[in-house]
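Observations on the three-dimensional arrangement
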2 protein chains.
Amino acid sequence: MTRPGTIWGIGLGPGDPDLMSVRADRLLRAARHVAYFRKAGRPGQARRIVEGMLPEGVDEIAMEYPVTTEIPLTDPRYNALLSAFYEDCTRRLRALSDAGEEVVVISEGDPFFYGSFMHLYTRLRDVAPVRVVPAITGMSAAWTATGTPITWGDDVLCILMGTLSEEDLVAQMRRSDALVIMKIGRNIDKVRRALRTAGRYDAAWLVEYASMEGQTVQRLSAAEGRVTPYFSIILVHGEGRRP
Amino acid sequence: MTRPGTIWGIGLGPGDPDLMSVRADRLLRAARHVAYFRKAGRPGQARRIVEGMLPEGVDEIAMEYPVTTEIPLTDPRYNALLSAFYEDCTRRLRALSDAGEEVVVISEGDPFFYGSFMHLYTRLRDVAPVRVVPAITGMSAAWTATGTPITWGDDVLCILMGTLSEEDLVAQMRRSDALVIMKIGRNIDKVRRALRTAGRYDAAWLVEYASMEGQTVQRLSAAEGRVTPYFSIILVHGEGRRP
């Protein structure tokens, strides 16, 4: 009987390949099968990060989302399509593992922190050996880029998605010292209004493409009218105790 | 005139040297001066992580805290002693930079996320070239160790210090989907009570020494009466949307 191969869920970090972990770097450079998600017809952000690092002749498995923003998240068809897609990806990866092959699944950021790999992980963990390599989050790269520490002393840090309702955003923003808001894109006007209502707008920073080519760092108030990518991050720094 | 040397604030990550970034690894292996904080008479956690990695003949600068838990945080003497200590460290590092030497300051975790390097950073950034290398946080290693993703979909994640008041802890725990609680140690009984009051106790996990030798992962409820280190992490996983 063939011993099943390990499926590695590897976080690539915020985007700069130099910020990958030593373990991720080593596993990638020795990989035989590398799988990644991407939008159909796009190179894919994870694949872009590892450009030039994969061994010659590596088998690449592009897992193309059947849908991204064409159907609203609340539509039941969205869940059905995505669920069938993840099942299909799971079958492909499991077939390789069953044949004794190691597979490396790469994704931006940290796999267990709002990551897409989680949807494969929960389907695979009981049927194949799966190991996860944590990574530097995009938010760490973003607060590093602002040149100001995010949290001090007893500061409470709250991480919010721009996809939340305006009311929820306001309530959460009011009770936290430091804030990280992710999944911005089309949600930016709602997030701006919520920050204003919560009295945090003037302290907010907008970071685009943290640690990557094209990185920008500016006060949110200086970016009025700006169209910003989905993966932008908005930050409010804590002001806690410091000797 | 000598060109001033860069002072690098390098995050080492959660503890396993394999989880250091490629950049941190490279800078350390080429370092001439390596500085780190430690408690007097102890090897120091940061120094322990880089054991075997530093070049021969490297100049080591141990910065020993004048006080850790002997004086309560609320005592004004605590702030005065720490402040004088950080000023002194700043002078030592700046003298090297002024002489054209590069210095690497190492610390566990991510430098801008509740890190001790921040206290040097704010004193140095206007008088010397300082660069910061982000890192994998201890909490990422902790949630990876539990084998369960921490956040899904729109989950709100709140990061709390065990040093907060019980009342504050309860209020924050009630309003968040996922929770990370750090700085545990002697605060564990207060944190337990707060989790119980907030109805989150049964869902909480305790992770000790994440990614390091001696790592333990258990339900908090199974660790009754346990004395746990200051750097333990308590987690409650989010249960958000998943296709």
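Before reading further, recall that the structure is shown in the block above.
Residues numbered from 1 in each chain as written. Chains lettered and ligands numbered in written order. Predicted model: local features only at pLDDT ≥ 70, side-chain atom pairs only at ≥ 80, totals over all residues.

Here we look at the overall build of chain A
To be explicit about the condition: Where helices and strands are cited, they refer to DSSP runs of H or I of at least four residues and of E of at least two residues respectively, numbered from the N terminus. For a compact globule the rule gives 2.2 Å times the number of residues to the power 0.38, and the radius of gyration it is set against comes from C-alpha atoms. Put simply, a residue is buried when 20 or more other C-beta atoms lie within 10 Å of its own C-beta and exposed when 12 or fewer do; between those, it is partly exposed, and each C-beta is set from the backbone. Contact between two residues is assigned whenever their backbone-derived C-beta positions fall within 7 Å.
Per the secondary structure count, chain A includes 7 helices and 10 strands. Here the C-alpha atoms of chain A give a radius of gyration of 19 Å, agreeing with the 18 Å that 2.2 N^0.38 yields for 243 residues. Along the three orthogonal principal directions, the C-alpha set of chain A runs to about 60 × 45 × 30 Å. By the burial criterion, 47% of the 243 residues in chain A qualify as buried. Sequence-distant contacts, at least 24 apart, represent 71% of the contacts inside chain A between residues at least 6 apart.

Looking at helix H3 (residues 76-98) of chain B
Residues and elements named next belong to chain B. This is how it is decided: By this rule the span expected of a helix is its residue count minus one, scaled by 1.5 Å.
Taking 1.5 Å as the rise per residue, H3 with 23 residues should run 33 Å; its terminal C-alpha atoms sit 33 Å apart, in good agreement. What H3 keeps buried is the set Leu82, Tyr86, Cys89, Leu93, Leu96 and Ser97. Looking at the buried positions of H3, the neighbouring elements they touch are strand S1 (7-11), strand S2 (33-39), strand S3 (59-65), strand S4 (103-107) and helix H4 (117-124). Among the residues trailing H3, Gly100 stands out with phi positive, at a value near 90°.

Section: the relation of the copies chain B and chain A
Condition: The least-squares superposition of copies is restricted to C-alpha atoms, and to residues with a pLDDT of at least 70 in both copies.
When chain B is fitted to chain A, the residual RMSD is 0.0 Å, and the transformation amounts to a turn of 180° plus an axial shift of 0.0 Å. One copy is carried onto the other by what is essentially a two-fold rotation axis. Taken together, the interface assignments show that 100% of the residues at the interface of chain B recur at the interface of chain A, consistent with an identical surface on both copies.

Brief notes about the interface of chain B and chain A
So the rule is basically this: In this classification, the charged set is Asp, Glu, Lys and Arg, the nonpolar set is Ala, Val, Leu, Ile, Met, Phe, Trp, Tyr, Cys and Pro, and all remaining amino acids, among them Gly, are polar. In short, DSSP must find at least two bridges between two strands for them to pair.
Each partner contributes to the interface: chain B provides 44 residues, whereas chain A provides 44 residues. Those elements that place two or more of their residues in the side of chain B that touches chain A are helix H1 (22-29), H3, H4, helix H5 (138-146) and strand S6 (157-161) of chain B. With 5 residues, the single largest contributor to the side of chain B that touches chain A is S6(B). Here the residues of the side of chain B that touches chain A are counted per class, giving 27 nonpolar, 10 polar and 7 charged. Here strand S6 (residues 157-161) of chain A pairs with S6(B) via 3 bridges, running antiparallel.

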